[in-house]
Amino acid sequence: MNKLLFICAFLVLSSTAKALDAQKKGDWISVGVPESFHQGTEGVLYLHGDNHGACAGVTPSYIRLNMSHSHFKEFYSLLLYTAAQKQSLDCVVDGGCGGNEVWVKYCRGKF
């Protein structure tokens, strides 16, 4: 019984995902499972997830994406899908590393 309990505890604890940290523009950063977002007044989407990675040692409050980027509609579909399926999202840093809000260019998620 103790072995079974140990194995179950190990699997649960080892499945906890560590966030991807970025150091510079072009590196991947974790958003985690998307929890909330809002649209700014100047065409910027602010995204908050449950497991943000750090960028140059600073964990941002928001991940920002320019809504005028090409393929924004496809990104928005991926965002809604990953949020509904409780899947994590990772994005490529486009700027703002080391600050409170990191700009990203595109993201990836699992199906």
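Scroll up to find the structure.
Cut-offs used in this document
Residues numbered from 1 in each chain as written. Predicted model: local features only at pLDDT ≥ 70, side-chain atom pairs only at ≥ 80, totals over all residues. Heavy atoms only, no water. Helix = DSSP H or I, 4+ residues; strand = E, 2+ residues; numbered from the N terminus. Buried < 20%, exposed > 50% of the residue type's maximum accessible area, 1.4 Å probe, protein only. Contact = heavy atoms within 4.5 Å. Areas by Shrake-Rupley, 256 points an atom, 1.4 Å probe, with all protein chains shown as cover. Disulfide = S-S within 2.5 Å. Core = buried A, V, L, I, M, F, W, Y, C linked by side-chain atoms within 4.5 Å. Polar contact = N/O pair within 3.5 Å; in protein donor to acceptor, adjacent residues only side chain to side chain.

Undergrad: Please set out the overall build of the protein chain residue by residue, giving values where relevant.
TA: Tallying secondary structure elements over the protein chain gives two helices and six strands in all. Going residue by residue from the N terminus, the α and β elements of the protein chain occur as α-β-β-β-β-α-β-β. For the protein chain, the residues scored as buried account for 32% of the 111 residues in total. Here the contacts in the protein chain between residues at least 6 apart in sequence split such that 53% fall between residues at least 24 apart. Summing over all exposed atoms, the protein chain offers an accessible surface of approximately 7100 Å²; the carbon and sulfur share of this is 57%.

Undergrad: Before we move on, can you summarise the state of the cysteines with the specific residues and values?
TA: A full pass over the atoms with the stated rule returns two disulfides. Disulfide partners in the protein chain, listed by the sequence order of the bonded cysteines, are 1-3, 2-4.

Undergrad: Give me the lowdown on the nonpolar core, citing residues and values where you can.
TA: Within the largest apolar cluster, 18 residues are counted, with the highest numbers of intra-cluster contacts made by Leu47, Phe75, Leu89 and Val104. Those elements that place two or more of their residues in this core are strand S1 (28-32), strand S3 (44-49), strand S4 (62-66), helix H2 (72-84), strand S5 (89-95) and strand S6 (101-109). Once residues within four sequence positions are removed from consideration, Phe75 is found in contact with Leu45, Leu47, Leu65, Leu89 and Cys107.

Undergrad: Mind laying out unusual backbone geometry, listing which residues take part and the relevant values?
TA: Even without glycine at this site, Ala56 takes up a positive phi of about 55°. One can find Ala56 in the loop between S3 and S4. Non-glycine residue His71 carries a positive phi angle of around 70°. Position of His71 among the secondary structure elements: in the loop between S4 and H2.

Undergrad: Give a detailed account of the side chain of Asp27, specifying residues and quantitative values.
TA: Following the sequence through the fold, Asp27 ends up in the loop between helix H1 (2-14) and S1. With a relative accessible area of 19%, Asp27 lands in the buried category. Within the structure, the side chain of Asp27 is placed 3.0 Å from the backbone nitrogen of Gln23, a separation counted as a polar contact. Among the polar contacts listed, one links the side chain of Asp27 to the side chain of Lys24, at a separation of 3.0 Å. Ignoring anything within four residues of it in the chain, the contact list for Asp27 reads Ala22, Cys91, Val92 and Val93.

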